[in-house]
Amino acid sequence: MTVDEIKIGGLGASRRRVEDNRFIRGAGNYVDDITLPGMLHMEILRSPLAHARIKSIDVSGAWAIPGVRLVMTGEMMAARNLAWMPTLSYDTQAVLATDKVRFQGQEVVCVIADDPYIAKDGCEAVIVDYEPLPPIVNPEQSMAEGAPVIRDDKENQHDNVVFDWEVGDKDGTDRAFADADLVSDMELHYPRSHPSPIETCGSIADFDRSTSKLTVYMTTQAPHIIRAAVALVAELPEHMIRIVSPDLGGGFGNKVPVYPGYVASILASILLERPVKWIEDKTGNLISTGFGRDVYLRGQMALRKDGKILGVRMHTDSDHGAFFSDAQPSKFKIGLMHSAFACYDIPAAHLTSRGFYTNKAPGGVAYRCSFRVTEAMFFQERMVQAAADDLGMDQAEFRRVNFVRDDDFPHRTAFGFLTDSGQYGKCLDIGLEAIGYENFLKEKEEAKKNGRLLGIGISTMTEPLGAGNSREYDILGIKMFDSAELRVHMSGKAILRTGAKSQGQGHETTWAQIVAHELGIPAEDIVVEEGDTDTAPFGMGTYASRSTPVAGAAVSMVARKIRAKARKIAAHLLEVSEEDIDWELGRFFVRSSPDLGVTIQECANAAYTNMPDGMEPGLENNAYYDPPNLTWPFACYISTVEIDPLTGVWDVLHMVAVDDCGVRINPMIVEGQIMGGLTEAYAMASMQFITFDEEGNCVGSNYMDYLLPTAWETPGFELHEVVTPCPHHPIGAKGIGECATVGGPAAFVNAVMDALKGSGVRNIDMPLLPDRVHAALTEGRDISGAPPVRTDS
Amino acid sequence: MTSLFAEVAPDPSSEVSVRRITLKVNGEQRTVDVEPRLLLAHLIRQGLKLTGTHTGCDTTNCGACTVLYDGLPVKSCTMLAVQTDGHEVTTVEGLASASELHPIQEGFKDEHGLQCGFCTPGMMLSAKALLEENPDPTEDDVRWALSGNLCRCTGYQNIVKAVLWAAAKMRDQAPASDTEAEEGEAS
């Protein structure tokens, strides 16, 4: 008798989360919760200036404080060849500044002391003499003639250009524009935003002289990449480095890069032969670690009268801060920006991209998205709405006319991606129905007569999630595969380890569900472990929605290897040949005599107690999975809003989300991911951004200035689903963690812009702060949000 | 003389003035010597080894460090430890009994009200203070009561549902003489 898959917590079960058992008791184990014997504490003194030459550093005051054990400067690091470290994008980044500081918040001195209060006292006692240099806070200043060269530390770097890159078919696109009846354009700035997990970054480095082994507990989403980077920087062999990523208090891309604080704590531990803990404060996190976005996008769309899109041109200027520290696949300098317009059937497209150094914190990380996809999809959907308006066409109808049709898959996009599945029209129909589209349009017209401003915004998109395949995707040359290792014990219970690293996604729950689905072992009988490089198989970690598409696939594949071996054991136990047995969930049976069977647990027991002659004992294996393609979830987000014309405040009336992420492993967790993503989408559309004044001061360096929505402001969301299985993923799943953050913002912004339709306003840059909306409305003009901002008013 | 970071023997020349305070933590009387500048969050985490109270922002905004101070939610990252002398502090570790979870904890698990778990202890303590004052809150009441606690993973929809779930369960468990609670449950 087959087991009931939902009952054992298999595929499709909204199984309650295993990890919650410790989190709700306050028994999680985050980096700052770890205390090692003899542990010292490190604090970082940061630059108050955005661009300045360091004339001198006087650390004597710090050394004079009792309890201070070590004061480290850039000069000291340089003596050990550690003043600079490689980034994940083939650039270099200062660990501690030697020559000059290049952004406000840059690491200058580290003080290590008996407790963090003394370490902070030590930082305050350090005197740094700076000679200010002109700061650069946007690409326009960066490319201006005569602009100071920010990276004068690099040979052959004579300007502030990081890269100049293009993709697509320029000639074909030019021809499309020559044939166009109408050309529509769009220009906007996607503001700098910080992923800002509530837990900041931190590390505890513990170098053991007696074994020469370095153990680092660290807030990292990608422990194995970090181990490779540490091996490079610290010149230690890999087997002498153990990176442990314990529970993480959120990540969202912020915890992918290598940060100076990690490296400094490692050096301090090696020098002092004591464990050294570094826990960043919130300001340190917000002003120095991986930001997201900060891209200027402009483009044009070639249109035919009947609404068909003939071609698209795009250009991006991205602000990378002082160091190119994005963690992008090495082949794609502006990430997967060229995935824009992938859900539309567009014959020709061309993208040019330039990256610039500025005197701002480094980053450009994939903040809750797959490599720059958020910017791509936001621009796409803002452009689509503007084009529909220019054509005088209904915005839903315009999308429908241009969608890739269900029977057109696999579909090669104009930029060369291969999309493989989806039901775009169906998702849109469900969304329109749920929001009450036709009625709302009438209501909107009625309201207008009474001076009320209502608007509706749609955002539809498919995005590439789950890098690699290894042909195209690597970080620092390491191919973007992932892995799983499964050991089934004699009792049929099991332990699973993967190369991914949960930071709230619930892997301990969902990975067990995949094993339950493949083997029929109840999910509760499977323990999942991640994050320790000494025990986990090599993997590229969790970001860019790659866990389920890559590591999740590896979990399926390793379980299938286990099943294949168990089948041989079953044949032995049943005394028939392998060809004569069949599998049903949890059990092998004799095809001709279905009552005669053995359970997977019985096979597991026999693997240790009664294996066939000549068979290797045990029941464990591993799988390295290199996906054949990215996964392509589709989403349709629709929002209705009302603007108060007196104040510019806008309220969300209704928000509907239709997500197609293929087969859902745990529907409860999938919906949780979508709601979390929509909250961040609302945050970015309404209030959350980090900007700079003309001196390069970060405006948004703490939660009093960097506004995140609370339970009070955040609207409710109505979720719907469509399931189009991924054709190449072993269980048909696609990525989902980031769809709502990627596609959501345009739904809110398009709704506000729709409410303003006819007022002469084409664009307001995010966030749509009430004063921006009010100014646009009263002055009938576009509002740019690009820095520098005035802070004196 | 004790240092909070006690494994490190303090250098005698570094001895700083400390104050002896007595407070009740999760129902247990504790006496500790603290530096006057020590923050309550650090006393709880390092001194009392109760690491369920997290520090997120240092500026009273995120609420990850929320504890109950004489039953009222406070942000322990911007309160001095000495201020708790003679007072009662409840942390997340004081929510469950040895055998049983608090309904708020059950609600957060059942309604998927958490993901990374970092903001969760603070959220639950803010919720506890609300439900003690208002056993039958509306959705808006809950949203307002939690507006001093930030979450980045989950959003708030499931957190609000978790608190309403707990409220219903607590009303269910309330003594039969509590007619108001019964009416609330019936509606």
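Residues numbered from 1 in each chain as written. Chains lettered and ligands numbered in written order. Predicted model: local features only at pLDDT ≥ 70, side-chain atom pairs only at ≥ 80, totals over all residues.

1. Topic: the overall build of chain B
1) Next: Within chain B, the regular secondary structure consists of 6 helices and 5 strands.
2) Next: Traced from its N-terminal end to its C-terminal end, chain B shows the element sequence β-β-α-β-β-β-α-α-α-α-α.
3) Next: Taking all 187 residues of chain B together, 55% fall into the buried category.
4) Next: Considering only contacts in chain B between residues 6 or more positions apart, those separated by 24 or more positions represent 58%. (Helix = DSSP H or I, 4+ residues; strand = E, 2+ residues; numbered from the N terminus. Buried ≥ 20, exposed ≤ 12 C-beta atoms within 10 Å, placed from the backbone. Contact = placed C-beta atoms within 7 Å.)

2. Description of the overall build of chain A
1) Next: When helices and strands are counted, chain A shows 19 helices and 34 strands.
2) Next: A globule of 793 residues ought to have a C-alpha radius of gyration of about 28 Å, and chain A, at 27 Å, matches this closely.
3) Next: With the C-alpha coordinates aligned to their principal axes, the bounding extent of chain A is approximately 85 × 75 × 50 Å.
4) Next: Counting over 793 residues, chain A shows a buried share of 61%.
5) Next: In chain A, once contacts between residues fewer than 6 apart in sequence are set aside, the share between residues at least 24 apart is 79%. (Rg over C-alpha atoms; globule rule 2.2 N^0.38 Å.)

3. Some points on unusual backbone geometry
Residue and element names in this part refer to chain A.
1) Next: In this model, M766 is joined to P767 through a cis peptide bond whose omega is -10 degrees.
2) Next: Following P787, the chain continues into P788 via a peptide bond in cis, with omega recorded as 5 degrees.
3) Next: Within the element layout of this structure, P788 appears in the segment after α19 (770-779).

4. Concerning the sheet that holds strand β26 (residues 581-584) of chain A
Residues and elements named next belong to chain A.
1) Next: Within the open sheet, the 3 strands sit side by side as β26-β27-β28. Their pairing is antiparallel. Taken across any chain shown, the strands that pair with only one partner, and hence form the sheet edges, are β26 and β28 (593-599). For this sheet, the mean angle separating the axes of adjacent strands, direction not counted, is 35 degrees.
2) Next: Each of β27 (587-590) and β28 is contacted by helix α16 (residues 600-609), which is oriented at about 50 degrees to β28, the strand it contacts most. (Pairing = 2+ DSSP bridges. Axes fitted to C-alpha atoms, helices over the stretch in contact; angles between N-to-C directions.)

5. With respect to the domain arrangement of chain B
Interface size is often expressed as the accessible area that is lost when the parts come together.
Residues and elements named next belong to chain B.
1) Next: Domain assignment breaks chain B into domain 1 (12-94) and domain 2 (103-179).
2) Next: The C-alpha-based centres of domain 1 and domain 2 are spaced at 23 Å.
3) Next: Of all the elements in the fold, those that place two or more residues in the side of domain 1 that touches domain 2 are β3 (66-69) and β4 (72-75).
4) Next: The element best represented in the side of domain 1 that touches domain 2 is β3, accounting for 3 residues.
5) Next: Its residues placed into classes, the side of domain 1 that touches domain 2 shows 8 nonpolar, 8 polar and no charged. (Domains from an automatic or database assignment. Nonpolar A, V, L, I, M, F, W, Y, C, P; charged D, E, K, R; others polar.)

6. Comments concerning the packing of helix α14 (residues 507-519) of chain A against helix α15 (residues 547-574) of chain A
All names here are of chain A.
1) Next: In the contact formed by α14 and α15, the axes pass within 9 Å of each other and the chain directions differ by 40 degrees. Our pair here, α14 against α15, has a crossing hand that is right-handed. The segment α14 lies against α15, with H507, W511, I514, V515, E518 and L519 engaging S547, G552, V555, S556, A559, R560, I562 and R563.
2) Next: The class makeup of the residues in the contact of α14 with α15 is 7 nonpolar, 4 polar and 3 charged. (Left-handed = near helix turned anticlockwise from the far one by under 90°.)

7. A few points about the nonpolar core
1) Next: Formed by 313 residues in total, the largest nonpolar core has its most connected members in L96, V109, V111, V515 and V752 of chain A.
2) Next: Here the element with the most residues in this core is α15 of chain A; it accounts for 14 residues. (Core = buried A, V, L, I, M, F, W, Y, C linked by C-beta atoms within 7 Å.)

8. Remarks on the packing of α15 of chain A against α16 of chain A
All names here are of chain A.
1) Next: Closest axis-to-axis distance for the α15/α16 pair is 9 Å, and the angle between their directions is 90 degrees. Put simply, α15 runs roughly perpendicular to α16. Across the interface between the two elements, A566, I569, A570 and L573 of α15 pack against I600, E602, C603, A606 and A607 of α16.
2) Next: Taken together, the residues of the contact of α15 with α16 break down into 8 nonpolar, no polar and 1 charged. (Parallel < 35°, antiparallel > 145°, perpendicular 65-115°, else oblique.)

9. What about the sheet that holds strand β20 (residues 453-462) of chain A?
Residue and element names in this part refer to chain A.
1) Next: On the basis of which strands lie adjacent, the open sheet formed by 4 strands has the order β20-β30-β31-β34 and mixed pairing. Single-partner strands in this sheet number two, and they are β20 and β34 (718-721). Each strand of the sheet is rotated relative to its neighbour by a mean of 15 degrees, with strand direction disregarded.
2) Next: Inspection of the sheet shows strand β31 (residues 650-660) paired to β34 by 4 bridges, in the parallel sense. Considered in β34, the bridge of A657 is made with L719.

10. Notes on the interface of chain B and chain A
1) Next: Each partner contributes to the interface: chain B provides 52 residues, whereas chain A provides 50 residues.
2) Next: Of all the elements in the fold, those that place two or more residues in the side of chain B that touches chain A are α2 (103-110), α3 (120-133), α4 (139-145) and α5 (157-173) of chain B.
3) Next: Class assignment for the residues of the side of chain B that touches chain A results in 23 nonpolar, 20 polar and 9 charged.

11. Points about the environment of A551 of chain A
1) Next: Its location among the elements puts A551 of chain A in helix α15.
2) Next: As for A551 of chain A and P260 of chain A, which are separated by 291 residues in sequence, their C-alpha atoms are 29 Å apart.

12. A few points about the environment of D99 of chain A
1) Next: In this fold, D99 of chain A is placed in the loop between β5 (92-94) and β6 (100-101).
2) Next: Along the backbone, D99 of chain A and A348 of chain A are 249 residues apart, and their C-alpha atoms lie at a distance of 47 Å.

13. Here we look at the domain arrangement of chain A
Residues and elements named next belong to chain A.
1) Next: Splitting chain A by domain gives domain 1 (20-27 + 482-625), domain 2 (34-133 + 200-248 + 255-288) and domain 3 (292-467 + 629-779).
2) Next: With centres defined by C-alpha atoms, the gap from domain 1 to domain 2 works out at 40 Å.
3) Next: When grouped by side-chain class, the residues that make up the side of domain 1 that touches domain 2 number 3 nonpolar, 7 polar and 3 charged.

14. Considering the confidence of the model for chain B
1) Next: For chain B, per-residue confidence averages 89 on the pLDDT scale, and residues scoring 70 or more make up 86% of the total.
2) Next: Per the prediction output, this complex has pTM 0.96; the corresponding ipTM is 0.97. (pLDDT = per-residue confidence, 0-100.)

15. Focus: the pairing of strand β14 (residues 276-279) of chain A
Residue and element names in this part refer to chain A.
1) Next: On β14, burial covers both faces: V276 and W278 on one face and K277 and I279 on the other are all buried.
2) Next: Sheet topology places strand β1 (residues 40-46) next to β14; 3 bridges connect them, and they run parallel. Pairing of H41 across the sheet is with K277, part of β14.
3) Next: Sheet topology places strand β11 (residues 202-208) next to β14; 4 bridges connect them, and they run antiparallel. Considered in β14, the bridge of G202 is made with I279.

16. As for α5 of chain B
All names here are of chain B.
1) Next: Helix length check: α5 (17 residues) gives 25 Å between terminal C-alpha atoms against 24 Å at 1.5 Å per residue, within 8%.
2) Next: Taken across its 17 residues, α5 has 12 buried, putting it largely inside the fold.
3) Next: Listed in full, the buried residues belonging to α5 are Q157, N158, I159, V160, A162, V163, L164, W165, A166, A167, M170 and R171. (Expected span 1.5 Å × (residues − 1).)

17. Side note on α19 of chain A
All names here are of chain A.
1) Next: Looking only at α19, the buried set comprises V773, A776 and L777. For α19, the buried positions fall inside an angular range of 95 degrees around the axis, keeping them on one side. Exposed residues pointing more than 90 degrees away from the buried face of α19 are listed as D771, T778 and E779.
2) Next: On its buried face, α19 sits against β30 (634-643), β31 and α18 (739-755).
3) Next: Where α19 terminates, the next one or two residues include G780, which has phi positive at roughly 60 degrees. (Arc of directions from axis to C-beta.)

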